[in-house]
Amino acid sequence: MLIVMSIYIGLDIGGTKIMVASTDKNGTFLKRIKVDTPKSYDEGMELLHNLIKEVSGGVNILGIGAAAGGPLDPEKGIISPLHQEEWRNVPIKKIMEEKWHCPFYVDVDTNVAALGEYYLGGYQEKHFLYVTLSTGMGGGYLVDGKVYHGFSHPEVAHQCVDYHCSHPERIKCECGGGACLEALVSGNGIKRIYKKNAEHLLNHEWKEVAYNLGMGLRNIAAILSPEIVVFGGGVALGRGQELLDRAEKYMKTGLKMVPAPKLKLSCLGYDTALKGACFIATGEHIRKYVSFT
Ligand SMILES: [Zn+2]
């Protein structure tokens, strides 16, 4: 019988779901739990502690990693996830380290997902952008496997694009900024514009989504010049390579000064952020962290 002496814990703290998992030193999941995110902060924090206890099974914890919604400070370990109204300026690193007596690391969910995809997935290009396209949209950019943090977390989804839309009056971004890319291609954006979920879009509606995504990718390619863009999240994984192929066609039109990045689907599927959280629990990414501020 295999006896696991020490484990790592990963937390994916989302606005609607919390996922907690334990892994061995090789990153293999030992136990995982998924629950609804409580609205109240006190309830949420108590739940996190209980879930950590449950997935650890009383075994020694070597480190805990967490993916959370931004904004947050990865160095101080303070989070204020936008979609969790009661979670403001939560010193989660201090709370977790005092409670569990092990190192704790946290970063924006899309950065953690990017690290997961890079170190545990199948792609390791030097200039690597991970994009999640689900109810919302976000990205994590790595250079040589290091997170590009920027002055604040770069929001690739909140750029303005030259869009095609059959119902422009319905375009509204949740950030309040108007016609952002997210408002055109994310699950919530699609629902607002087309009055249906992404999986029910008709071909001509997908064509608009692909065009708008392609325009966003053209901007990203021109500014960041990644070698590859890896896509995760329900909308991207649901429509699959067909969406990426169409978007690629539009991205390439007019992109003359820089080479077009490869567009690929995630190797880790829906577990990217959770796997990434278990990976950063090891602290290995710390020596790879870099901030260009
Ligand atoms: Zn926006």
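Residues numbered from 1 in each chain as written. Predicted model: local features only at pLDDT ≥ 70, side-chain atom pairs only at ≥ 80, totals over all residues. Heavy atoms only, no water.

The next thing to look at is the overall build of the chain. Secondary structure summary: the chain contains 9 helices and 12 strands in total. Relative to its length of 293 residues, the chain is compact, with a C-alpha radius of gyration of 19 Å against a globular reference of 19 Å. Seen along its three principal axes, the alpha-carbon backbone of the chain occupies a region of about 55 × 40 × 40 Å. Within the span of the chain, comprising 293 residues, buried residues form 51% of the whole. Taking all contacts inside the chain whose residues are at least 6 apart in sequence as the whole, residues at least 24 apart take part in 65%. (Helix = DSSP H or I, 4+ residues; strand = E, 2+ residues; numbered from the N terminus. Rg over C-alpha atoms; globule rule 2.2 N^0.38 Å. Buried < 20%, exposed > 50% of the residue type's maximum accessible area, 1.4 Å probe, protein only. Contact = heavy atoms within 4.5 Å.)

What the 5 strands build is an open sheet, ordered β10-β9-β8-β11-β12; its pairing is mixed. In the strand order of this sheet, the two ends are held by β10 (146–147) and β12 (262–265), each with one partner. Against the sheet, helix α3 (residues 109–120) engages β8 (127–133), β9 (137–143), β10 and β11 (228–232), with an angle of about 55° to β9. (Pairing = 2+ DSSP bridges. Axes fitted to C-alpha atoms, helices over the stretch in contact; angles between N-to-C directions.)

This next bit is on the packing of helix α1 (residues 41–56) against helix α2 (residues 92–100). It is the contact of α1 with α2, at a shortest axis distance of 12 Å, that shows an interaxial angle of 40°. As summarised for this structure, α1 and α2 are arranged oblique, according to the angle between their axes. The hand of the α1/α2 crossing is right-handed. Between α1, through Tyr41, Met45, Leu48, His49, Ile52 and Lys53, and α2, the contact on the second element is made entirely by Ile92, Ile95, Met96, Lys99 and Trp100. Grouping the constituent residues of the contact of α1 with α2 by class yields 8 nonpolar, 1 polar and 2 charged. (Parallel < 35°, antiparallel > 145°, perpendicular 65-115°, else oblique. Left-handed = near helix turned anticlockwise from the far one by under 90°. Nonpolar A, V, L, I, M, F, W, Y, C, P; charged D, E, K, R; others polar.)

The next subject is the layout of surface pockets. Empty space within the second largest pocket amounts to approximately 270 Å³. If you list the elements that add at least two residues to the lining of the second largest pocket, you get α5 (187–194) and α7 (234–239). Sorting elements by how many residues they give to the lining of the second largest pocket places α7 first, with 4 residues. Within the lining of the second largest pocket, the residues separate by chemical class into 3 nonpolar, 7 polar and 3 charged. (1 Å grid on protein atoms, 1.4 Å probe; cavity = no way out; pocket = protein on both sides within 12 Å on 5 of 7 lines; lining within 4 Å. Points joined across faces, edges and corners; volume = space filled by probe spheres on them.)

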